[in-house]
Amino acid sequence: MSEIKGNPVVESSPLPERVEKILDGFRESKATFAACDFGIFDKLNNSSSPQSAKEITEMLSSDLDATTRLLDTLVALEFLDKSKQGDQWLYKNTEIASKFLTTSSPDSQLGTISLFNKILYPLQGSLESAVLDGNIQWMKAFGKSPEDIFRETVNSTEEDSLRFNKGMHSMAFSASYAVAKAVDLSAFNNCCDLGGGVGTLAYALCQYNPQMKITVCDLQPVVSLAHHFRPSVEDCPNQVNVSFMIGDFFKPETLPKADLYVLSRILHDWPEEKVELILDNVFNCLPSGGGLLICEKILDEDKRGPKRALLESLTMLVATGGKERTASEYKHILDKHGFIVTQIKQLDQSLFMDAMLCIKK
Ligand SMILES: C[S@@+](CC[C@H](N)C(=O)[O-])C[C@H]1O[C@@H](n2cnc3c(N)ncnc32)[C@H](O)[C@@H]1O
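Each value, and the rule that gives it
Residues numbered from 1 in each chain as written. Predicted model: local features only at pLDDT ≥ 70, side-chain atom pairs only at ≥ 80, totals over all residues. Pairing = 2+ DSSP bridges. Helix = DSSP H or I, 4+ residues; strand = E, 2+ residues; numbered from the N terminus. Contact = placed C-beta atoms within 7 Å. Axes fitted to C-alpha atoms, helices over the stretch in contact; angles between N-to-C directions. UniProt positions renumbered as here; feature names shortened; annotations may be inferred. Near = placed C-beta within 6 Å. Nonpolar A, V, L, I, M, F, W, Y, C, P; charged D, E, K, R; others polar.

A word on the sheet that holds strand 3 (residues 51–52)
If you walk across this open sheet you meet the three strands as 3-5-4, and the pairing is antiparallel. Every interior strand has two partners, whereas the edge strands, strand 3 and strand 4 (80–85), have only one. Here six bridges tie strand 4 to strand 5 (residues 88–93), and the two strands are oriented antiparallel to one another. Across the sheet, the residue bridging to Leu80 is Asn93, located in strand 5. In this fold helix 4 (residues 64–76) packs onto strand 4 and strand 5, with an angle of close to 115 degrees to the strand it touches most, strand 4.

Focus on the sheet that holds strand 7 (residues 213–218)
The strand order across the open sheet built from seven strands is 8-7-6-9-10-12-11, with neighbouring strands paired in mixed fashion. Looking along the sheet, the strands with just one partner apiece sit at the ends: strand 8 (242–246) and strand 11 (339–345). For this sheet, the mean angle separating the axes of adjacent strands, direction not counted, is 20 degrees. In this structure, strand 11 lies alongside strand 12 (residues 354–360), joined through six bridges in antiparallel fashion. Paired with Gln343 across the strands is Leu357, a residue of strand 12.

Here we look at the UniProt feature "domain: O-methyltransferase dimerisation" (unreviewed entry) in the protein chain
Mapped onto this structure's residue numbering, the UniProt feature "domain: O-methyltransferase dimerisation" (unreviewed entry) falls at residues 22–102. The straight-line gap between the two end C-alpha atoms of residues 22–102 is 26 Å; of that span, 63% is helix and 17% is strand.

A few points about the environment of Leu267
Examined against the element boundaries, Leu267 turns out to sit in the loop between strand 9 (260–264) and helix 13 (272–285). Here the alpha-carbon distance between Leu267 and Ile96, two residues 171 residues apart in the chain, equals 34 Å. Each residue touching Leu267, except ones within four places of it in the same chain, is listed here: Val275, Ile278, Ile294 and Glu296.

A look at the site of the ligand
Inspection of the region around the ligand gives 20 residues, with Phe150, Ala172, Gly195, Gly197 and Ser264 positioned closest. Residue assignment for the shell around the ligand shows that the elements contributing at least two residues are helix 10 (158–182) and helix 11 (200–208). Taken together, the residues that form the shell around the ligand break down as nine nonpolar, seven polar and four charged.

Here's what the structure looks like:
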(Lines give C-alpha, C1' and ligand atoms only; values in the text may rest on other atoms or scores of the structure.)
Protein backbone atom coordinates (compact mmCIF):
# COMPACT_ATOMS: atom_id res chain seq x y z
CA MET A 1 0.00 0.00 0.00
CA SER A 2 1.35 3.49 -0.88
CA GLU A 3 -0.14 6.97 -0.40
CA ILE A 4 -1.19 9.79 -2.76
CA LYS A 5 -1.66 13.09 -0.87
CA GLY A 6 -2.46 11.24 2.33
CA ASN A 7 -4.87 8.74 0.67
CA PRO A 8 -3.84 5.07 0.84
CA VAL A 9 -3.68 3.43 -2.65
CA VAL A 10 -3.90 -0.32 -3.21
CA GLU A 11 -1.17 -1.44 -5.60
CA SER A 12 -2.36 -4.29 -7.80
CA SER A 13 0.07 -7.00 -8.92
CA PRO A 14 0.53 -7.59 -12.64
CA LEU A 15 -1.36 -10.70 -13.80
CA PRO A 16 0.90 -13.74 -13.98
CA GLU A 17 0.97 -15.29 -17.47
CA ARG A 18 -0.73 -18.45 -16.12
CA VAL A 19 -3.76 -16.46 -14.92
CA GLU A 20 -3.88 -14.38 -18.09
CA LYS A 21 -3.86 -17.60 -20.12
CA ILE A 22 -6.87 -19.09 -18.35
CA LEU A 23 -8.86 -15.87 -18.61
CA ASP A 24 -8.27 -15.68 -22.36
CA GLY A 25 -7.81 -19.36 -23.25
CA PHE A 26 -11.42 -20.33 -23.91
CA ARG A 27 -12.10 -17.10 -25.80
CA GLU A 28 -9.07 -17.67 -28.02
CA SER A 29 -10.23 -21.23 -28.66
CA LYS A 30 -13.77 -20.16 -29.48
CA ALA A 31 -12.66 -17.39 -31.89
CA THR A 32 -10.41 -19.85 -33.72
CA PHE A 33 -13.01 -22.64 -33.69
CA ALA A 34 -15.63 -20.26 -35.14
CA ALA A 35 -13.23 -19.17 -37.91
CA CYS A 36 -12.53 -22.83 -38.74
CA ASP A 37 -16.26 -23.60 -38.71
CA PHE A 38 -16.86 -20.76 -41.19
CA GLY A 39 -14.00 -22.07 -43.34
CA ILE A 40 -12.23 -18.68 -43.23
CA PHE A 41 -8.73 -20.20 -43.44
CA ASP A 42 -9.77 -22.48 -46.32
CA LYS A 43 -11.35 -19.56 -48.17
CA LEU A 44 -8.24 -17.42 -47.78
CA ASN A 45 -6.05 -20.35 -48.82
CA ASN A 46 -8.09 -20.80 -51.97
CA SER A 47 -8.15 -17.07 -52.85
CA SER A 48 -5.50 -15.90 -55.29
CA SER A 49 -4.93 -12.67 -53.30
CA PRO A 50 -5.54 -11.34 -49.75
CA GLN A 51 -9.19 -10.49 -49.05
CA SER A 52 -10.91 -7.52 -47.42
CA ALA A 53 -13.32 -7.91 -44.51
CA LYS A 54 -16.12 -6.96 -46.92
CA GLU A 55 -15.21 -9.75 -49.35
CA ILE A 56 -15.01 -12.30 -46.52
CA THR A 57 -18.33 -11.03 -45.12
CA GLU A 58 -19.93 -11.53 -48.55
CA MET A 59 -18.54 -15.06 -48.77
CA LEU A 60 -19.95 -15.91 -45.33
CA SER A 61 -23.19 -13.88 -45.66
CA SER A 62 -22.30 -12.50 -42.24
CA ASP A 63 -22.34 -9.16 -40.41
CA LEU A 64 -19.53 -6.81 -41.53
CA ASP A 65 -18.66 -5.28 -38.15
CA ALA A 66 -18.78 -8.63 -36.33
CA THR A 67 -16.73 -10.36 -39.02
CA THR A 68 -14.12 -7.56 -38.95
CA ARG A 69 -13.77 -7.98 -35.18
CA LEU A 70 -13.29 -11.73 -35.60
CA LEU A 71 -10.69 -11.19 -38.35
CA ASP A 72 -8.76 -8.66 -36.25
CA THR A 73 -8.80 -11.06 -33.30
CA LEU A 74 -7.34 -13.74 -35.57
CA VAL A 75 -4.59 -11.27 -36.51
CA ALA A 76 -3.82 -10.81 -32.79
CA LEU A 77 -3.78 -14.62 -32.41
CA GLU A 78 -1.26 -14.76 -35.27
CA PHE A 79 -3.45 -16.90 -37.53
CA LEU A 80 -4.00 -14.01 -39.99
CA ASP A 81 -1.82 -11.17 -41.27
CA LYS A 82 -3.33 -7.90 -42.45
CA SER A 83 -1.88 -5.16 -44.64
CA LYS A 84 -3.36 -1.85 -45.81
CA GLN A 85 -4.16 -1.25 -49.46
CA GLY A 86 -5.69 2.15 -50.24
CA ASP A 87 -8.29 2.68 -47.54
CA GLN A 88 -8.94 -0.96 -46.75
CA TRP A 89 -7.26 -3.74 -44.83
CA LEU A 90 -6.58 -7.03 -46.61
CA TYR A 91 -6.29 -10.34 -44.73
CA LYS A 92 -4.29 -13.48 -45.51
CA ASN A 93 -3.36 -16.67 -43.62
CA THR A 94 -0.14 -16.86 -41.66
CA GLU A 95 2.08 -19.88 -42.29
CA ILE A 96 0.85 -21.59 -39.13
CA ALA A 97 -2.82 -21.19 -40.15
CA SER A 98 -2.14 -22.59 -43.63
CA LYS A 99 -0.30 -25.57 -42.13
CA PHE A 100 -2.68 -26.50 -39.29
CA LEU A 101 -6.06 -24.85 -39.98
CA THR A 102 -6.81 -25.67 -43.62
CA THR A 103 -8.49 -28.79 -45.00
CA SER A 104 -5.93 -29.65 -47.66
CA SER A 105 -2.84 -29.57 -45.41
CA PRO A 106 -1.52 -32.99 -44.27
CA ASP A 107 -1.06 -31.43 -40.79
CA SER A 108 -4.66 -30.16 -40.66
CA GLN A 109 -6.19 -30.04 -37.16
CA LEU A 110 -9.67 -29.21 -38.49
CA GLY A 111 -11.03 -32.66 -37.59
CA THR A 112 -10.01 -32.25 -33.95
CA ILE A 113 -11.22 -28.64 -33.91
CA SER A 114 -14.65 -29.49 -35.29
CA LEU A 115 -15.08 -32.25 -32.68
CA PHE A 116 -13.91 -29.95 -29.89
CA ASN A 117 -16.13 -27.10 -31.08
CA LYS A 118 -19.38 -29.01 -31.66
CA ILE A 119 -19.16 -31.72 -29.00
CA LEU A 120 -16.52 -31.11 -26.33
CA TYR A 121 -17.04 -27.37 -25.92
CA PRO A 122 -20.73 -27.78 -24.91
CA LEU A 123 -19.96 -30.88 -22.79
CA GLN A 124 -17.05 -29.21 -21.01
CA GLY A 125 -19.38 -26.26 -20.33
CA SER A 126 -21.15 -28.51 -17.81
CA LEU A 127 -17.99 -29.45 -15.92
CA GLU A 128 -19.34 -28.08 -12.63
CA SER A 129 -22.32 -30.48 -12.80
CA ALA A 130 -20.00 -33.36 -13.66
CA VAL A 131 -17.80 -32.62 -10.66
CA LEU A 132 -20.88 -32.44 -8.41
CA ASP A 133 -22.62 -35.58 -9.64
CA GLY A 134 -19.76 -37.56 -11.24
CA ASN A 135 -21.81 -38.21 -14.39
CA ILE A 136 -21.49 -37.65 -18.14
CA GLN A 137 -23.13 -34.40 -19.28
CA TRP A 138 -24.91 -35.21 -22.56
CA MET A 139 -28.32 -34.48 -21.03
CA LYS A 140 -27.29 -30.99 -19.88
CA ALA A 141 -25.38 -30.14 -23.04
CA PHE A 142 -27.55 -31.78 -25.71
CA GLY A 143 -30.82 -32.87 -24.03
CA LYS A 144 -30.13 -36.60 -24.40
CA SER A 145 -28.44 -39.13 -22.15
CA PRO A 146 -27.21 -42.12 -24.14
CA GLU A 147 -26.62 -45.64 -22.81
CA ASP A 148 -23.90 -46.16 -25.42
CA ILE A 149 -22.39 -42.92 -26.71
CA PHE A 150 -20.72 -44.57 -29.70
CA ARG A 151 -23.93 -46.16 -30.99
CA GLU A 152 -26.44 -43.47 -30.03
CA THR A 153 -24.69 -40.13 -30.50
CA VAL A 154 -21.28 -39.76 -32.11
CA ASN A 155 -22.11 -42.29 -34.84
CA SER A 156 -25.87 -41.79 -35.07
CA THR A 157 -25.92 -40.05 -38.49
CA GLU A 158 -23.37 -40.12 -41.30
CA GLU A 159 -22.57 -36.45 -40.67
CA ASP A 160 -22.01 -37.07 -36.93
CA SER A 161 -19.93 -40.12 -37.69
CA LEU A 162 -17.75 -38.30 -40.22
CA ARG A 163 -17.14 -35.44 -37.77
CA PHE A 164 -16.28 -37.81 -34.92
CA ASN A 165 -14.00 -39.98 -37.00
CA LYS A 166 -12.21 -37.04 -38.61
CA GLY A 167 -11.58 -35.81 -35.06
CA MET A 168 -10.30 -39.20 -33.88
CA HIS A 169 -8.14 -39.51 -37.01
CA SER A 170 -6.52 -36.11 -36.63
CA MET A 171 -5.93 -36.61 -32.87
CA ALA A 172 -4.38 -40.04 -33.44
CA PHE A 173 -2.35 -39.39 -36.58
CA SER A 174 1.06 -38.19 -35.30
CA ALA A 175 0.80 -40.29 -32.14
CA SER A 176 0.15 -43.43 -34.21
CA TYR A 177 3.46 -43.11 -36.06
CA ALA A 178 5.25 -42.40 -32.78
CA VAL A 179 3.73 -45.56 -31.22
CA ALA A 180 4.53 -47.69 -34.27
CA LYS A 181 8.14 -46.50 -34.17
CA ALA A 182 8.57 -46.91 -30.40
CA VAL A 183 7.13 -50.37 -29.75
CA ASP A 184 8.75 -53.59 -30.96
CA LEU A 185 5.98 -55.76 -32.42
CA SER A 186 8.20 -57.95 -34.58
CA ALA A 187 7.00 -61.12 -32.79
CA PHE A 188 3.42 -60.72 -34.04
CA ASN A 189 1.90 -61.63 -37.40
CA ASN A 190 -1.86 -61.26 -36.96
CA CYS A 191 -3.11 -58.10 -35.34
CA CYS A 192 -6.64 -56.94 -34.58
CA ASP A 193 -7.17 -53.28 -33.67
CA LEU A 194 -10.35 -53.31 -31.56
CA GLY A 195 -12.34 -50.10 -31.92
CA GLY A 196 -9.61 -49.13 -34.37
CA GLY A 197 -11.77 -46.43 -35.96
CA VAL A 198 -10.87 -45.58 -39.54
CA GLY A 199 -7.50 -47.37 -39.35
CA THR A 200 -5.20 -44.48 -38.39
CA LEU A 201 -3.02 -46.60 -36.07
CA ALA A 202 -3.29 -49.70 -38.28
CA TYR A 203 -1.76 -47.84 -41.25
CA ALA A 204 1.12 -46.63 -39.08
CA LEU A 205 1.68 -50.12 -37.61
CA CYS A 206 1.75 -51.80 -41.04
CA GLN A 207 4.52 -49.46 -42.17
CA TYR A 208 6.81 -50.47 -39.29
CA ASN A 209 5.71 -54.15 -39.27
CA PRO A 210 5.55 -55.40 -42.85
CA GLN A 211 5.13 -59.00 -41.57
CA MET A 212 1.81 -58.17 -39.93
CA LYS A 213 -1.75 -58.52 -41.30
CA ILE A 214 -4.00 -56.09 -39.43
CA THR A 215 -7.79 -56.27 -39.09
CA VAL A 216 -9.47 -53.12 -37.84
CA CYS A 217 -12.64 -54.04 -35.99
CA ASP A 218 -15.25 -51.40 -35.26
CA LEU A 219 -18.98 -50.59 -35.35
CA GLN A 220 -20.82 -50.65 -38.69
CA PRO A 221 -21.07 -46.84 -39.25
CA VAL A 222 -17.32 -46.44 -38.70
CA VAL A 223 -16.33 -49.36 -40.95
CA SER A 224 -18.59 -48.05 -43.70
CA LEU A 225 -16.78 -44.71 -43.92
CA ALA A 226 -13.23 -46.04 -43.41
CA HIS A 227 -12.53 -45.92 -47.17
CA HIS A 228 -12.46 -42.08 -46.96
CA PHE A 229 -9.32 -42.34 -44.80
CA ARG A 230 -7.39 -45.02 -46.72
CA PRO A 231 -3.93 -43.58 -47.54
CA SER A 232 -2.50 -43.91 -51.04
CA VAL A 233 -0.04 -46.69 -51.84
CA GLU A 234 2.64 -44.00 -52.29
CA ASP A 235 2.05 -42.69 -48.75
CA CYS A 236 1.58 -46.14 -47.21
CA PRO A 237 3.02 -48.91 -49.37
CA ASN A 238 1.87 -51.70 -46.98
CA GLN A 239 -1.76 -50.50 -46.76
CA VAL A 240 -2.89 -53.69 -48.50
CA ASN A 241 -2.13 -55.50 -45.19
CA VAL A 242 -4.92 -53.55 -43.47
CA SER A 243 -8.54 -54.72 -43.68
CA PHE A 244 -11.74 -53.79 -41.86
CA MET A 245 -14.58 -55.76 -40.29
CA ILE A 246 -17.62 -55.06 -38.17
CA GLY A 247 -17.25 -56.40 -34.64
CA ASP A 248 -18.13 -55.64 -31.04
CA PHE A 249 -15.52 -55.88 -28.30
CA PHE A 250 -18.30 -56.69 -25.82
CA LYS A 251 -19.22 -59.76 -27.90
CA PRO A 252 -16.13 -61.99 -28.23
CA GLU A 253 -17.86 -64.24 -30.77
CA THR A 254 -17.78 -61.33 -33.26
CA LEU A 255 -13.99 -60.83 -32.99
CA PRO A 256 -11.39 -62.35 -35.31
CA LYS A 257 -8.53 -64.49 -33.96
CA ALA A 258 -5.19 -62.68 -33.65
CA ASP A 259 -1.87 -63.01 -31.82
CA LEU A 260 -1.89 -59.28 -31.04
CA TYR A 261 -4.90 -57.17 -30.06
CA VAL A 262 -4.77 -53.39 -29.88
CA LEU A 263 -6.90 -51.18 -27.65
CA SER A 264 -6.12 -47.60 -28.61
CA ARG A 265 -8.01 -44.96 -26.62
CA ILE A 266 -10.66 -47.56 -25.76
CA LEU A 267 -10.08 -48.35 -22.07
CA HIS A 268 -10.24 -44.65 -21.10
CA ASP A 269 -13.75 -44.45 -22.62
CA TRP A 270 -15.50 -46.89 -20.31
CA PRO A 271 -16.42 -47.28 -16.64
CA GLU A 272 -14.53 -49.91 -14.62
CA GLU A 273 -16.94 -52.84 -15.13
CA LYS A 274 -16.86 -52.39 -18.94
CA VAL A 275 -13.05 -52.15 -18.92
CA GLU A 276 -12.99 -55.49 -17.06
CA LEU A 277 -15.32 -57.04 -19.64
CA ILE A 278 -13.21 -55.84 -22.60
CA LEU A 279 -10.02 -57.20 -21.00
CA ASP A 280 -11.71 -60.56 -20.23
CA ASN A 281 -12.81 -60.81 -23.87
CA VAL A 282 -9.33 -60.02 -25.19
CA PHE A 283 -7.78 -62.52 -22.78
CA ASN A 284 -10.16 -65.27 -23.94
CA CYS A 285 -9.49 -64.55 -27.64
CA LEU A 286 -5.67 -64.56 -27.31
CA PRO A 287 -3.41 -67.62 -27.38
CA SER A 288 -1.00 -67.93 -24.45
CA GLY A 289 2.01 -65.64 -25.06
CA GLY A 290 -0.16 -63.40 -27.29
CA GLY A 291 0.09 -59.63 -27.02
CA LEU A 292 -2.10 -56.70 -26.11
CA LEU A 293 -1.00 -53.20 -27.13
CA ILE A 294 -2.71 -50.49 -25.10
CA CYS A 295 -2.42 -46.89 -26.30
CA GLU A 296 -3.58 -44.27 -23.83
CA LYS A 297 -2.18 -41.08 -22.36
CA ILE A 298 -0.57 -42.32 -19.14
CA LEU A 299 -0.79 -40.18 -15.99
CA ASP A 300 2.32 -39.61 -13.86
CA GLU A 301 2.30 -41.71 -10.69
CA ASP A 302 1.69 -38.65 -8.48
CA LYS A 303 -0.98 -37.38 -10.92
CA ARG A 304 0.68 -33.97 -11.26
CA GLY A 305 0.73 -34.38 -15.04
CA PRO A 306 1.06 -34.58 -17.93
CA LYS A 307 -1.40 -31.71 -18.26
CA ARG A 308 -2.88 -33.15 -21.44
CA ALA A 309 -3.66 -36.47 -19.69
CA LEU A 310 -5.34 -34.66 -16.79
CA LEU A 311 -7.42 -32.56 -19.19
CA GLU A 312 -8.33 -35.72 -21.14
CA SER A 313 -9.45 -37.32 -17.89
CA LEU A 314 -11.86 -34.41 -17.29
CA THR A 315 -13.06 -34.77 -20.87
CA MET A 316 -13.75 -38.47 -20.25
CA LEU A 317 -15.68 -37.47 -17.11
CA VAL A 318 -18.10 -35.24 -19.05
CA ALA A 319 -18.14 -37.21 -22.31
CA THR A 320 -17.89 -40.97 -21.79
CA GLY A 321 -17.82 -41.89 -18.09
CA GLY A 322 -14.25 -43.21 -18.39
CA LYS A 323 -10.92 -41.85 -17.10
CA GLU A 324 -7.16 -41.76 -17.60
CA ARG A 325 -4.88 -43.89 -15.38
CA THR A 326 -1.28 -44.13 -14.15
CA ALA A 327 0.99 -46.97 -15.31
CA SER A 328 0.59 -48.65 -11.88
CA GLU A 329 -3.20 -48.46 -12.15
CA TYR A 330 -3.07 -50.06 -15.61
CA LYS A 331 -0.61 -52.72 -14.37
CA HIS A 332 -2.94 -53.55 -11.49
CA ILE A 333 -6.02 -54.09 -13.72
CA LEU A 334 -3.98 -55.91 -16.37
CA ASP A 335 -2.37 -58.22 -13.81
CA LYS A 336 -5.84 -59.06 -12.46
CA HIS A 337 -6.84 -60.07 -16.00
CA GLY A 338 -3.80 -62.27 -16.69
CA PHE A 339 -1.48 -59.85 -18.53
CA ILE A 340 2.14 -58.83 -17.78
CA VAL A 341 3.23 -55.38 -18.97
CA THR A 342 6.53 -55.81 -20.86
CA GLN A 343 7.08 -52.39 -22.48
CA ILE A 344 5.91 -48.90 -21.52
CA LYS A 345 6.70 -46.04 -23.89
CA GLN A 346 5.88 -42.52 -22.74
CA LEU A 347 5.80 -40.37 -25.86
CA ASP A 348 5.98 -36.64 -26.42
CA GLN A 349 3.69 -34.63 -24.10
CA SER A 350 1.91 -33.06 -27.06
CA LEU A 351 0.73 -36.41 -28.42
CA PHE A 352 -2.64 -37.87 -27.49
CA MET A 353 -1.26 -41.27 -26.48
CA ASP A 354 1.53 -43.34 -24.93
CA ALA A 355 1.91 -47.09 -25.37
CA MET A 356 2.05 -50.23 -23.23
CA LEU A 357 2.71 -53.71 -24.56
CA CYS A 358 1.40 -56.62 -22.45
CA ILE A 359 1.70 -60.36 -22.85
CA LYS A 360 -0.91 -62.95 -21.86
CA LYS A 361 0.53 -64.99 -18.97
C1 LIG B 1 -12.16 -43.00 -28.79
S2 LIG B 1 -12.42 -43.85 -30.30
C3 LIG B 1 -10.78 -44.47 -30.60
C4 LIG B 1 -10.55 -44.76 -32.05
C5 LIG B 1 -9.12 -45.25 -32.36
N6 LIG B 1 -8.82 -46.49 -31.70
C7 LIG B 1 -8.11 -44.17 -32.01
O8 LIG B 1 -7.26 -44.38 -31.12
O9 LIG B 1 -8.15 -43.11 -32.66
C10 LIG B 1 -13.31 -45.26 -29.76
C11 LIG B 1 -13.64 -46.23 -30.90
O12 LIG B 1 -14.28 -47.38 -30.36
C13 LIG B 1 -15.33 -47.76 -31.23
N14 LIG B 1 -16.30 -48.58 -30.46
C15 LIG B 1 -17.15 -48.15 -29.50
N16 LIG B 1 -17.85 -49.18 -29.01
C17 LIG B 1 -17.42 -50.28 -29.67
C18 LIG B 1 -17.75 -51.67 -29.59
N19 LIG B 1 -18.67 -52.08 -28.72
N20 LIG B 1 -17.10 -52.54 -30.39
C21 LIG B 1 -16.16 -52.08 -31.28
N22 LIG B 1 -15.80 -50.79 -31.40
C23 LIG B 1 -16.43 -49.89 -30.61
C24 LIG B 1 -15.86 -46.43 -31.69
O25 LIG B 1 -16.69 -46.55 -32.83
C26 LIG B 1 -14.58 -45.67 -31.94
O27 LIG B 1 -14.07 -45.90 -33.22
